[in-house]
Structures are given as structure tokens and as C-alpha cells.
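A structural walkthrough
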Amino acid sequence: DERQREQNGKSFFAKARTILDGDTIPVLSISDFGTRGLEGNDTEKMSPWYRLLRKQGTAAQHGNTGGTFGIGQRAPFGFSDLRTVFYSTRTRDRFAFLGKSILCTFDDPRDRTTRRNVGYLGVLDDQRVRAVTDDVNVPIPFRRRELGLDVHIVGYSDGDDWAQRRSREVVVSFFAAIEAGLLTVEMTED
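Before going into details, it helps to say that this report is about the structure given with it. Per chain, residues are indexed from 1 in the order of the written sequence. Per-residue local features are limited, in this predicted model, to residues with pLDDT of at least 70; the limit for side-chain atom pairs, both in listing and counting, is 80 or more; totals at the level of whole chains, interfaces and linings are taken over all residues. Think of the side-chain values as coming from all heavy atoms in the structure, minus any hydrogens and water.

1. Quick notes on the overall build of the chain
This is how it is decided: The way it works is that DSSP assigns letters per residue, a run of H or I at least four long becomes a helix, a run of E at least two long becomes a strand, and they are numbered from the N terminus. When a residue's accessible area, from a 1.4 Å probe over protein chains only, is under 20% of the maximum for its type it is buried; when over 50% it is exposed; and in between it is partly exposed. The criterion used for residue contact is that any of the two residues' heavy atoms lie within 4.5 Å. To measure how exposed things are, a 1.4 Å probe is used in the Shrake-Rupley method; for residues, cover is taken only from the protein chains shown.
Helix and strand counts for the chain come out as three helices and nine strands. Tracing the chain from N to C terminus, the helices and strands come up as α-β-α-β-β-β-β-β-β-β-β-α. Each of the three principal axes of the chain carries a C-alpha extent, and together these read 55 × 40 × 35 Å. Taken over 190 residues, the chain has a buried fraction of 33%. Sequence-distant contacts in the chain: of pairs separated by 6 or more residues, those separated by 24 or more amount to 55%. Per element, the accessible surface of the chain, about 12,900 Å² overall, is 52% carbon and sulfur.

2. Concerning the packing of aromatic side chains
Aromatic ring pairs are reported here in terms of the distance separating the ring centres and the angle at which the planes meet. Operational definition: What counts as a ring pair is set by centres within 6.5 Å for rings of Phe, Tyr and Trp (its six-membered ring), and what kind of pair is set by the plane angle: stacked under 30 degrees, edge-to-face over 60, tilted for all other angles.
With the rule as written, the count across this model stands at five aromatic pairs. With a centroid separation of 6.3 Å and an interplanar angle of 25°, the aromatic rings of F79 and Y156 are classed as stacked. Taken as a pair, F79 in the loop between α2 (48-53) and β2 (80-90) and Y156 in strand β9 (residues 148-156) lie far apart in primary sequence, 77 residues in all. Note on F79: relative accessible area 31%, which makes it partly exposed. Between F97 and F142, the ring centres sit 6.1 Å apart and the planes meet at 35°, which makes this aromatic pair tilted. Pair noted here: F97 is in strand β3 (residues 95-102) and F142 is in the loop between β8 (128-130) and β9, with a separation of 45 residues, a long-range link. The same class applies to F97 as to F142, namely buried.

Set out below in C-alpha cells:
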């Protein structure tokens, strides 16, 4: 009901405020190697980059890539107490960095308009936020140097035994690829 939704919102924003007021913000970074990175940009609507960051639930698969329906693209936000994820990719041709937050739609009493629930961190260009494509303008921890993709879950929250639980999930989910020597997974804690 409405009262429960309001309480959930208050709890979420109170916890987010506590994290933001702290000395550090926990971040879980997931990096792939031996891949080509996410091709495309902020305007190529069927490119992997655009589909991951801009579209919802699109059914399109290119080559031997995993996933087709866009359902998993929101999974990292479920582990962020700030509902914020930063993406960095490097392909043969380009670098791109973009942050995305999924919070809540709200009615702005100042001008009685409904504000969207999705916000982006990047470069404002003609009322649209686009990816940062010059890596010198990105903080060092988020600069991708090799081909591939980094996903940084900002405000990561998964308890003290997160590494053990994530390790178990990786083995269960990717056992065949690990066993065949096609996938190597490393977990480190800084």
C-alpha cells in the first residue's frame, strides 16, 4: 500500500544518506578480460553499449554473445544501496564511461512535472547525458586500460561473507566453462 511504499522509500534514502556521509563508499568492481569490450555508442540503438545502458528488455543478440532480453542488465542495481552502477569499456576504437542510477519517479512540486527514475553521470550534451569518451576525464579507478568491460557497483552491499557466497555462485553458474579452461575467475579485496 501507499504507506508501505513511502516507508520503503524513506528507509532506502536514509541508508543511502548514511553511505554518502561516510568516509568511504563500498564498490564492487567486476572486470572481464580477453573480450572485445562493448561496441557502439549513445546513439546506435541496437549496439551492445546502447542496449545495456539505455534500452529496457530488448530482444537482440549479436554473434556469440550471452543474453538477449535485457533482463539481467538491472541485476547489478539490486546489489547497490545507492542503486548506482558505473560502466567503463574499451574497444579497439574507443573508450567509454557512463554512470547510471535507477531511483524512483517523483512528482516535482516546483513545476508539477513528473521526473524520471533514471539518471546518468557523464557529459551533458544538448539536454542528454552521453558517455565520457576521453579517459583522462574519468577518475583513475574507473579507467579501463585493456579491451573489455568493467562494471562498478557503487554502494555495494552484500554482507561480510560476500566473497564466499559470490565464489560459490560463480562455480555453480560457470562450472563447465571453468572446468574446460575457458574462464578464469579471480576475487580480490582491497
